[in-house]
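Observations on the model geometry
Each chain is listed here by its residues.
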Amino acid sequence: MNPASRLPAAGRLLLVLLGVGLGLNLRDLSAAAGLPIPALPIPYGGSLLDNALAVLVALLLAVLLRPRGEGLAASLGLRSNGARGPLWVLLASLTCWLGLAALGTPNTALTAVDATMLAVLFPLAEEVLFRGLGFVLLVKIVRGPWALLALPQALLFGLVHWLGFGGFGGGTTALFVGVVIAFGGFIFAWLNHLDGNTLWCGLALHVSMNLAWNVFSLDDAMALGWQATSLRIGTALLAVAVLGLHARRRRAVTLS
């Protein structure tokens with residue numbers, strides 16, 4: 001057992017929260033310390049490097065903090081629990097696609113690179129950092145109700161996006177975005193919990209909804225209005241309900 005895994009629960013919790021809270025900001029911290037890390041010389045090079053470093057933080061902390069006998073992939077929720085759960089979540093996410101098709105217009109400026117970065121790679125990195133490190137590993141090293149343990153990463157997820165929209169300078173728009181994103185972070189963790197503490201159901205919803213919001217364009221008033229907000233929340237809750245029913249049926253079959 002490594003020394004870090006023998007830390008008291010409070011110490012391990014602090015390390016996890018520091019990793020989650022700072023993982024996407026390593027280049028900013030390095031620049032503030034006078035050691036700037038240049039962006040990769042490709043489109044999205046800065047954001048791609050930020051996300052890669054965040055995944056590295058999650059991997060390193062998982063190696064240090066995972067319980068004895070726990071594999072690295074399992075400690076971050078990267079093992080598979082079957083494809084049916086994610087497929088049910090994807091089916092539920094069609095609500096978002098249909099709603100955005102009705103509310104918006106096709107985004108003709110979207111490129112394959114845009115879609116890959118914004119709807120696949122960046123969500124994957126966020127899921128590994130926030131839900132893998134911040135939730136799945138946390139429930140393995142700290143005892144407590146899953147919903148309570150899901151809250152810190154959700155709040156940090158919202159905080160990071162609130163800062164990205166200007167923080168206090170962003171006014172009510174930044175606050176609104178932060179609250180909605182924090183709600184999404186909790187929903188993603190809930191889906192992970194329902195699928196046996198794996199990342200794939202939360203990732204499926206994250207990827208599908210991100211892609212839908214990039215495939216269709218909405219003006220700012222519509223994107224922040226009650227219709228689009230209800231669509232976000234409704235789709236997320238529908239995914240939880242559908243996956244919950246699937247998990248219940250799976251347990252019933254296992255016990256029969």
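Everything below is about the structure printed above this text.
Residues numbered from 1 in each chain as written. Predicted model: local features only at pLDDT ≥ 70, side-chain atom pairs only at ≥ 80, totals over all residues. Heavy atoms only, no water.

1. A word on the state of the cysteines
The tally for this structure, following the rule as stated, stands at 0 disulfides. No disulfide involves C96; its nearest neighbouring cysteine sulfur is the one of C201, lying 17 Å away. Using a relative accessible area of 0% as the deciding quantity, one classes C201 as buried. (Disulfide = S-S within 2.5 Å. Buried < 20%, exposed > 50% of the residue type's maximum accessible area, 1.4 Å probe, protein only.)

2. A look at the nonpolar core
In this structure, V89, L133, L191 and L205 are the most contacted members of the largest nonpolar core, which totals 50 residues. Taken together, the elements giving at least two residues each to this core come down to α1 (9-22), α3 (45-65), α5 (84-103), α6 (112-141), α7 (146-164), α8 (171-194), α9 (200-215) and α11 (226-255). Per-element accounting of this core gives the leading share, 9 residues, to α6. What V89 contacts, discounting residues up to four positions off in sequence, is L191, C201, A204, L205, A239 and L243. (Core = buried A, V, L, I, M, F, W, Y, C linked by side-chain atoms within 4.5 Å. Helix = DSSP H or I, 4+ residues; strand = E, 2+ residues; numbered from the N terminus. Contact = heavy atoms within 4.5 Å.)

3. So, the packing of α6 against α9
Look at α6 against α9: their axes get within 9 Å of each other, and the N-to-C directions meet at 150 degrees. When you trace α6 past α9, the crossing you get is right-handed. Together, A115, L118, A119, V120, P123, L124, E126, E127 and R131 of α6 and G202, L203, H206, V207, N210, L211 and N214 of α9 make up the contact between the two elements. A breakdown of the residues in the contact of α6 with α9 according to their chemical character gives 9 nonpolar, 4 polar and 3 charged. (Axes fitted to C-alpha atoms, helices over the stretch in contact; angles between N-to-C directions. Left-handed = near helix turned anticlockwise from the far one by under 90°. Nonpolar A, V, L, I, M, F, W, Y, C, P; charged D, E, K, R; others polar.)

4. A look at the packing of aromatic side chains
Geometrically, a pair of aromatic rings is defined through the distance of the ring centres and the angle of the planes. Summed over all chains, the structure comprises 8 aromatic pairs. Relative to F216, the ring of W97 lies with its centre 6.1 Å away and its plane at 80 degrees, an arrangement referred to as edge-to-face. Of the two residues, W97 sits in helix α5 while F216 sits in strand β2 (residues 216-217), which places them 119 residues apart along the sequence. According to the relative accessible area criterion, F216 is buried, its value standing at 14%. The rings of F135, W146, F186 and W190 are connected pair by pair, giving a single aromatic cluster. (Phe/Tyr/Trp six-rings, centres within 6.5 Å; stacked < 30°, edge-to-face > 60°.)

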